[in-house]
Amino acid sequence: MSINTGIPDYELDDLLVVTAPQALKAMADPLRGRLLELVLERAATVTEMAAAVGRPKSTVAHHVARLVDAGLLRVVRTRRVRAIDERFYGRAARTYYVGALSSDTDKATVATMNGLAEAAREAAPAHAADDLRCLLVHARIPVEEVRTFWAEVQEVARRFSQIPRSGDQVYGFVAGLYPTDVPTLPPAGVGESRAR
């Protein structure tokens, strides 16, 4: 399903399930991940992306080519500039979802793509400046509720990515939902007779 809400300024699918090794490897690279994030705002040329990330144009062109080959980035329009077609790149989908993986190599690749760890590194200066908004809540819930809740979180993330761009500050939004071994209370009534 293609959508266009004005952000970004090109049409893209809402969701792409990623399982191909080439796409997983392309997404795992931090610079490529940053390039994919940049074009959520609007389509961009290699020159614009290189300026935004402070890297040489040739380096960014290499990474853009890898993302295009992996089906994660595509040319969304061109513009003729002095007899040369300038290409503007955009994402294939607003959200990339890593699907079920069978290969240990693919699972290892995905293990390097820890958005929570990256967000923690990015958020350190905001924490030091006392300008960090963060929640961590634990709940013992059935897996069916996890699926429902995560769909709601994904919708919030989509809304965040569609807010019109303005202002001077970029904000990051991260969400994680994971099983943990945080202790929980036993069911009510268990162990009460011994405590009396």
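Residues numbered from 1 in each chain as written. Predicted model: local features only at pLDDT ≥ 70, side-chain atom pairs only at ≥ 80, totals over all residues. Heavy atoms only, no water.

Asker: What am I meant to see in the UniProt feature "domain: HTH arsR-type" (unreviewed entry) in the protein chain here?
Answerer: The UniProt record annotates "domain: HTH arsR-type" (unreviewed entry) at residues 12-108. Structurally, residues 12-108 is divided into 44% helix and 31% strand, and its ends, taken at the C-alpha atoms, are 29 Å apart. (UniProt positions renumbered as here; feature names shortened; annotations may be inferred. Helix = DSSP H or I, 4+ residues; strand = E, 2+ residues; numbered from the N terminus.)

Asker: What exactly am I supposed to notice about the domain arrangement of the protein chain here?
Answerer: Where interface size is quoted, it is often the accessible area lost as the parts come together. Splitting the protein chain by domain gives domain 1 (1-108) and domain 2 (114-178). Taking only C-alpha atoms, the centre of domain 1 and the centre of domain 2 are 21 Å apart. On the domain 2 side, the residues contacting the 10 residues of domain 1 number 9 residues. Overall, the association of domain 1 and domain 2 removes approximately 770 Å² of surface from exposure, summing both partners, and the carbon and sulfur fraction of that is 51%. When the buried surface of domain 1 facing domain 2 is broken down by residue, Ile7, Glu41 and Arg94 rank first, second and third, together holding 48% of it. With a shortest N-O distance of 3.9 Å, arginine 158 and aspartate 14 are connected by a salt bridge. Viewed at the interface, domain 2 and domain 1 are joined by 0 residue pairs in polar contact (both at pLDDT 80 or more). Here the side of domain 1 that touches domain 2 takes 3 residues from strand E5 (residues 93-98), the largest share from any one element. Among the residues forming the side of domain 1 that touches domain 2, the class breakdown is 4 nonpolar, 2 polar and 4 charged. (Domains from an automatic or database assignment. Contact = heavy atoms within 4.5 Å. Buried area = accessible area lost by both parts, 1.4 Å probe. Salt bridge = Lys/Arg side-chain N within 4 Å of Asp/Glu carboxyl O. Polar contact = N/O pair within 3.5 Å; in protein donor to acceptor, adjacent residues only side chain to side chain. Nonpolar A, V, L, I, M, F, W, Y, C, P; charged D, E, K, R; others polar.)

Asker: What's the story with the pattern of salt bridges in this structure? I'm lost.
Answerer: Two side chains that carry opposite charge are able to pair once their charged atoms sit near each other. The full count for this structure, using the stated rule, is 7 salt bridges. A salt bridge links arginine 80 to aspartate 85, with the shortest nitrogen-to-oxygen separation between them at 3.3 Å. Taking relative accessible area as the criterion, arginine 80 reaches 57% and is therefore assigned exposed. Residue classification places aspartate 85 among the partly exposed positions, given a relative accessible area of 45%. A network of salt bridges, in which partner residues are shared, links Asp14, Glu155 and Arg158. (Buried < 20%, exposed > 50% of the residue type's maximum accessible area, 1.4 Å probe, protein only.)

Asker: Teacher, can you tell me more about the packing of helix H2 (residues 30-38) against helix H3 (residues 46-53) here?
Answerer: Each packed pair of helices is defined by two parameters, the angle between the axes and the distance between the axes. Packing of H2 against H3 leaves a shortest axis separation of 11 Å and a crossing angle of 115 degrees. Crossing angle aside, the handedness with which H2 passes H3 is right-handed. Here H2 contributes Leu31, Arg34, Leu35 and Leu38 to the contact with H3, which in turn contributes Met49, Ala52 and Val53. (Axes fitted to C-alpha atoms, helices over the stretch in contact; angles between N-to-C directions. Left-handed = near helix turned anticlockwise from the far one by under 90°.)

Asker: So what exactly am I meant to see when it comes to the environment of threonine 19 here?
Answerer: Here threonine 19 lies in the loop between strand E2 (12-18) and helix H1 (21-28). Taking the C-alpha atoms as reference, threonine 19 lies 11 Å from glycine 71; in sequence the two are 52 residues apart. When near neighbours in sequence (up to four residues on either side) are disregarded, threonine 19 contacts Leu24, Gly99, Ala100, Leu101 and Asp106.

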